Structures are given as structure tokens and as C-alpha cells.
Amino acid sequence: MNIKDIVANVKDIAIVGLSPDVSKDSNMVGRFLQNRGFNIIPIYPKKQEILGKMSYPSLSEALNSGESFQIVVVFRKSAAVLDIAKEVLDLQDKNKIKCFWMQLGISNKEAKALLEKAGIVVVEDKCIKLEMEAFGL
């Protein structure tokens, strides 16, 4: 599945590890996605405004607050990915997630296997911004 297929008919993207620091890659990618018309749901440990939206400390809390998302983009260390993937799987009954995207330098074989078994597309070690630009999106 290519990036065009992944982002087709998607409007809401949760970004785990979205930093409020405008110099950080996660913030730059979040702004890029917002500028392309996506609704960004910031997932950040501290409750604060990021890119004009209040952040949530977890995907579960975002969902319980009425948010929904079809793509989860991860800006966390590879060691944290398995727990995030398990949370995604726990949320599948309430919110159908199409894609779990691990940014550059991030991968986790166990998380990938669990998510793919559940029918979720997994992308590892790629930047969603660079991939979208490469496809002219």
C-alpha cells in the first residue's frame, strides 16, 4: 500500500510525541499535515496547546474526549512503540485505525506483527511528510 492509499479519505491524524517546540521534527510534520487539511490530534504527556489544539496524554484520553483518528504517527523511541501499538489495538473497537506510522529511525518488529495481524497497515522508519512530498501530496 502506498502513501496515496493510506491518506485517501483520511482527515484525522493522531501524532504521538508531538512536541510544542517549533524546532522539533514532530512539530514541523504536524504543521505540514495541518497545512494539507488534516485535523491533527496532539498526543503529549503534558496538557497544553500544540498547533492550536489541546494535547492529550494518551490516545485513549483523546478518544474518550470525542476525538477520532484513522492514522497514528509515532515520534517516540522504538522501545515505547509496543505499548503504543497495544493501546491502538485496545481502541480498535471504538475507533478504526487504518495505519500505524513510525517516523524515521523508529521500528519495532513485535508491534508491527501485532498490528498487521489486526489488519492495520504499518509503516516503519519513514517520514510521512517526506513520503507525501515524494508523491506530490
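See the structure printed just above.
First, a word on what this report is: a plain description of the structure on this page. (Residues numbered from 1 in each chain as written. Predicted model: local features only at pLDDT ≥ 70, side-chain atom pairs only at ≥ 80, totals over all residues. Heavy atoms only, no water.)

**Here's the deal with the overall build of the protein**
Phase 1 of the analysis: If you tally the helices and strands in the protein, you get six helices and seven strands.
Phase 2 of the analysis: When the helices and strands of the protein are placed in sequence order, the string is α-β-α-β-β-β-α-β-α-β-α-β-α.
Phase 3 of the analysis: Compactness check: the protein gives a C-alpha radius of gyration of 13 Å against a globular reference of 14 Å for 137 residues, within 12% of the reference.
Phase 4 of the analysis: If you line up the protein on its principal axes, its C-alpha atoms span 35 × 35 × 30 Å.
Phase 5 of the analysis: Within the span of the protein, comprising 137 residues, buried residues form 47% of the whole.
Phase 6 of the analysis: Summarising the internal contacts of the protein: among those between residues at least 6 apart in sequence, 62% fall at separations of at least 24. (Helix = DSSP H or I, 4+ residues; strand = E, 2+ residues; numbered from the N terminus. Rg over C-alpha atoms; globule rule 2.2 N^0.38 Å. Buried < 20%, exposed > 50% of the residue type's maximum accessible area, 1.4 Å probe, protein only. Contact = heavy atoms within 4.5 Å.)

**Things to note about unusual backbone geometry**
Phase 1 of the analysis: Even without being a glycine, N9 presents a positive backbone phi close to 60°.
Phase 2 of the analysis: You can see N9 is positioned in the loop between α1 (3-7) and β1 (12-16).
Phase 3 of the analysis: Residue class for N9 comes out exposed when judged on its relative accessible area of 76%.
Phase 4 of the analysis: The backbone phi angle of L51 is positive, close to 55°, even though this residue is not glycine.
Phase 5 of the analysis: Mapping L51 onto the fold places it in the loop between β3 (49-50) and β4 (53-54).

**A closer look at the sheet that holds strand β5 (residues 71-74)**
Phase 1 of the analysis: Sheet architecture is open: five strands sit in the order β2-β1-β5-β6-β7, paired in parallel fashion. Of all the strands in the sheet, the pair left with one neighbour each is β2 (39-43) and β7 (121-123). Each adjacent strand pair in this sheet contributes to an overall mean axis angle of 20°, direction not counted.
Phase 2 of the analysis: Across five bridges, the pairing between β1 and β2 is parallel. Residue pairing for β2: D12 is matched across the bridge by N39.
Phase 3 of the analysis: On the sheet, helix α4 (residues 78-91) packs against β1, β5 and β6 (99-102) and is oriented at approximately 165° with respect to β6. (Pairing = 2+ DSSP bridges. Axes fitted to C-alpha atoms, helices over the stretch in contact; angles between N-to-C directions.)

**As for the nonpolar core**
Phase 1 of the analysis: Judged by nonpolar contacts, the single largest core of 26 residues is most densely connected at I43, L59, F69, V72, V88 and F100.
Phase 2 of the analysis: When residues of this core are traced back to their parent elements, those giving at least two are β1, β2, α3 (59-64), β5, α4, β6 and α5 (109-117).
Phase 3 of the analysis: The dominant element in this core, judged by the number of residues it contributes, is α4, at seven residues.
Phase 4 of the analysis: Once you skip the residues sitting within four places of it in the chain, V72 turns out to touch A14, V16, L59, V88, I97, C99, F100 and W101. (Core = buried A, V, L, I, M, F, W, Y, C linked by side-chain atoms within 4.5 Å.)

**Some words on the side chain of N95**
Phase 1 of the analysis: Note on placement: N95 falls in the loop between α4 and β6.
Phase 2 of the analysis: Under the relative-accessibility criterion, N95 is labelled buried at 6%.
Phase 3 of the analysis: At 2.7 Å, the side chain of N95 and the backbone oxygen of F69 are in polar contact. (Polar contact = N/O pair within 3.5 Å; in protein donor to acceptor, adjacent residues only side chain to side chain.)

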